[in-house]
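# Analysis of the macromolecular model
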Amino acid sequence: MKNKCVEQLVQLLGKEKVLIGESLSNRYTHIWRMDIPLQAVALILPSSTKEVSEALKICYLNDQKISIHGGLTNLVGSTETQAQELVISLEKMNKIIEVDTASRTITVEAGTILQHVHEAASTEGLLFPLSYGAKGSAQIGGMIASNAGGLRVLRFGMTRQLVLGLEAVLADGTIISSMKKIIKDNSAYDLKQLFIGSEGTLGIITKAVLKLVEAPKSRCSAFVAFNDYAKVVFFLKYMDQGLAGLLSGYELIWQNTYACMTSPSHVKQPLPLAYKYYVLLESLGSDQAQDQNKLESLLASALEEDLILDAVPAQTQSDLHWFWSIREDVHVIKSACDIDQHFDISLPIKNIGDYVDQVIPKLKSIVGVNQIYTFGHVADGNIHFIVDKHNNSDEVRKAINHTVYEPLQALGGSVSAEHGIGVDKRDYLALCRTSEEIALMRLLKQSLDSKNILNPRNIFLEP
């Protein structure tokens, strides 16, 4: 049976940019599920904002539901599709348009890979500070749509703080473009903020102007060990103050997670497996020798004052790569699991230790759960769980979800720190948003996408 919308898209874009039938068999919905073929009526590959706009006009007139694909690295089911949906992939819109060294900005298309942004900025002596493990495949459009966080939020903020200008296409094809390079602009509503973190439900992001900073001339890191969570928190304050604004990363890893990340088959351990908590910290500065000496002096003082139990600073570039590859290669944990269930939550920093200590025994008591791996960006209150289970039933999945999410409401936490709501967390949005907030979100969705064609299953449950 012919699809009128698809026929019109072929006429608009050409057959080479519209994949149907067998040509979809090598497509997928997530980079960890490449063995599962994509289910969709078609996948289109626009190469310009104009083509996105014209394609959306066709979809809007035909009431065609759309799923938007970027780098396919999300962890909340955001890119799952159904057979009747059309997929729009931004992968061909991957140009770095300009690096402006005077304004310290980089202008890119939405399909640009994050690592390519890092490389282009570095060539000009600049840094795009947002970074995380999936940087080699994550695309800028998806990163903005999910308001990604990463490893340096402590110093540089979330994606939201790094977007100066934005271009997006609404459901009816209207192009909203504010590609400004300025930091200060109080001329009424800041409309780009509507699209940042909206998970593709309000419009398709096509271009962005990103804020850059001067590339640091030094990078120092260390692994530090603790048995007391209160000292993890105190040491964060101690190092932030002692480094006088240079602290850029403070990653916390629980013992069994550290053991998995540094298993003999993977990588050697910087510190022995003898402690409850491991912190990987980073400072970015201007003088390698001076900053290294400062870091090591602070670590020595902390050891003398019994603030920490053990520490090992990175001495070389090779050490830096070694240390951070441990933290960034989350796939090592996934590979150790029978079936993996991921969590990305946030709560006040002071509550994290007790929360984890209370939640882990409850998770282990659920029949079907094997192991729980815990780690995260403790300096911004963001903790990740990966639950290893051998039973993937809905009953087990919901029991795990309830155990992790239910305590967050009383703590003023969130069920999603940086990955969004997607499809997987819709049932739990009300734990961290009031009914009035959700009603206003729905009103925005209705106003900008009255036919509910853009990522229609993301964020909200059916009313």
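Residues numbered from 1 in each chain as written. Predicted model: local features only at pLDDT ≥ 70, side-chain atom pairs only at ≥ 80, totals over all residues. Heavy atoms only, no water.

### Focus: the overall build of the protein
Summing up its helical and strand segments, the protein has 15 helices and 18 strands in all. Taken along the three principal axes of its C-alpha coordinates, the protein extends 75 × 60 × 45 Å. The 463 residues of the protein split such that 53% are buried. A separation of at least 24 residues holds for 72% of the contacts in the protein among residues at least 6 apart in sequence. (Helix = DSSP H or I, 4+ residues; strand = E, 2+ residues; numbered from the N terminus. Buried < 20%, exposed > 50% of the residue type's maximum accessible area, 1.4 Å probe, protein only. Contact = heavy atoms within 4.5 Å.)

### Notes on the nonpolar core
In this structure, Phe235, Tyr250, Leu281 and Phe385 are the most contacted members of the largest nonpolar core, which totals 54 residues. The residues contacting Phe385, other than those within four sequence positions of it, are Gln341, His342, Phe343, Ile345, Tyr355, Val356, Val359, Ile360, Ile372, Tyr373, Thr374 and Val404. (Core = buried A, V, L, I, M, F, W, Y, C linked by side-chain atoms within 4.5 Å.)

### Thoughts on the pattern of salt bridges
Following the criterion strictly, the structure yields 21 salt bridges and no others. In this structure, the salt-bridge partner of Lys180 is Asp185, at a minimum N-O distance of 3.0 Å. Judged by relative accessible area, which is 36%, Lys180 ranks as partly exposed. On the basis of relative accessible area, Asp185 is assigned to the partly exposed category, the value being 31%. Between Asp340 and Lys334 there is a salt bridge; the shortest N-O distance is 3.1 Å. On the basis of relative accessibility, which here comes to 22%, the residue Asp340 falls in the partly exposed class. On the basis of relative accessibility, which here comes to 17%, the residue Lys334 falls in the buried class. (Salt bridge = Lys/Arg side-chain N within 4 Å of Asp/Glu carboxyl O.)

### Description of the sheet that holds strand β13 (residues 247-254)
If you walk across this open sheet you meet the seven strands as β15-β12-β14-β13-β17-β18-β16, and the pairing is antiparallel. Looking at which strands have only one partner, the edges of the open sheet turn out to be β15 (310-313) and β16 (339-346). Strand-to-strand twist in this sheet, taken as the mean axis angle between neighbours without regard to direction, amounts to 15 degrees. Strand contacts of helix α10 (residues 317-328): β12 (218-226), β13, β14 (277-285), β15, β17 (369-377) and β18 (382-389), with the helix running at about 55 degrees to β12, the strand carrying the most contacts. Lying on the sheet, helix α12 (residues 352-364) is in contact with β13, β14, β16, β17 and β18; it crosses β17 at an angle near 165 degrees. (Pairing = 2+ DSSP bridges. Axes fitted to C-alpha atoms, helices over the stretch in contact; angles between N-to-C directions.)

### Digging into the packing of α12 against helix α13 (residues 394-405)
Two numbers describe a pair of packed helices, the interaxial angle and the distance between the axes. Contact geometry for α12 and α13: axes closest at 9 Å, N-to-C directions at 165 degrees. As the angle between them shows, α12 and α13 are arranged roughly antiparallel. Every pair of crossing elements has a handedness; the one defined by α12 and α13 is right-handed. On α13, the residues that touch Tyr355, Val359, Lys362 and Leu363 of α12 are Ile400, Thr403 and Val404. Taken together, the residues of the contact of α12 with α13 break down into five nonpolar, one polar and one charged. (Parallel < 35°, antiparallel > 145°, perpendicular 65-115°, else oblique. Left-handed = near helix turned anticlockwise from the far one by under 90°. Nonpolar A, V, L, I, M, F, W, Y, C, P; charged D, E, K, R; others polar.)

### Let's talk about the pairing of β16
A regular strand places its side chains so that they alternate between the two faces of the sheet. Within β16, six of the eight residues are buried, which leaves the element mostly enclosed by the surrounding structure. By the bridge criterion, eight bridges tie β16 to β18 in an arrangement that is antiparallel. Within the sheet, the bridge partner assigned to His342 lies in β18 and is Ile386.

### Focus: the side chain of Asn401
Residue placement: Asn401 occurs in helix α13. Of the polar contacts made by the side chain of Asn401, one reaches the side chain of Tyr428; its length is 3.4 Å. Excluding residues that lie within four positions of it along the chain, Asn401 makes contacts with Gln341, Phe343, Glu406 and Tyr428. (Polar contact = N/O pair within 3.5 Å; in protein donor to acceptor, adjacent residues only side chain to side chain.)

### Section: the sheet that holds strand β10 (residues 204-211)
In space, the five strands of this open sheet follow the order β5-β6-β10-β8-β9, with antiparallel pairing throughout. Both outer strands of the open sheet, β5 (96-100) and β9 (175-178), are each paired with one neighbouring strand and no more. Adjacent strand axes in the sheet meet at a mean angle of 10 degrees, parallel and antiparallel pairs treated alike. Where strand β6 (residues 105-109) meets β10, five bridges bridge the pair, whose relative direction is antiparallel. Paired with Thr107 across the strands is Val209, a residue of β10. On top of the sheet, helix α3 (residues 114-123) reaches β5, β6 and β10; it is set at about 35 degrees to β5, its chief contact.

### A word on the pairing of β5
Both β5 and β6 contribute to a ladder of four bridges, which runs antiparallel. Within β6, the position partnered with Asp100 by the bridge is Thr105. Once β5 ends, the chain turns through four residues before running back antiparallel as β6, passing Arg104 with a positive phi of about 55 degrees.

### Looking at the side chain of Thr206
Residue position: Thr206 is located in strand β10. We classify Thr206 as buried; its relative accessible area is 0%. For Thr206, the side chain forms a polar contact with the side chain of Glu167, separated by 2.8 Å. Non-local contacts of Thr206, meaning those with residues more than four positions away in its chain, are made with Thr49, Val52, Met93, Val108, Glu109, Ala110, Glu167, Ala168 and Val169.

Just geometry here; none of it tells us what the structure is for.
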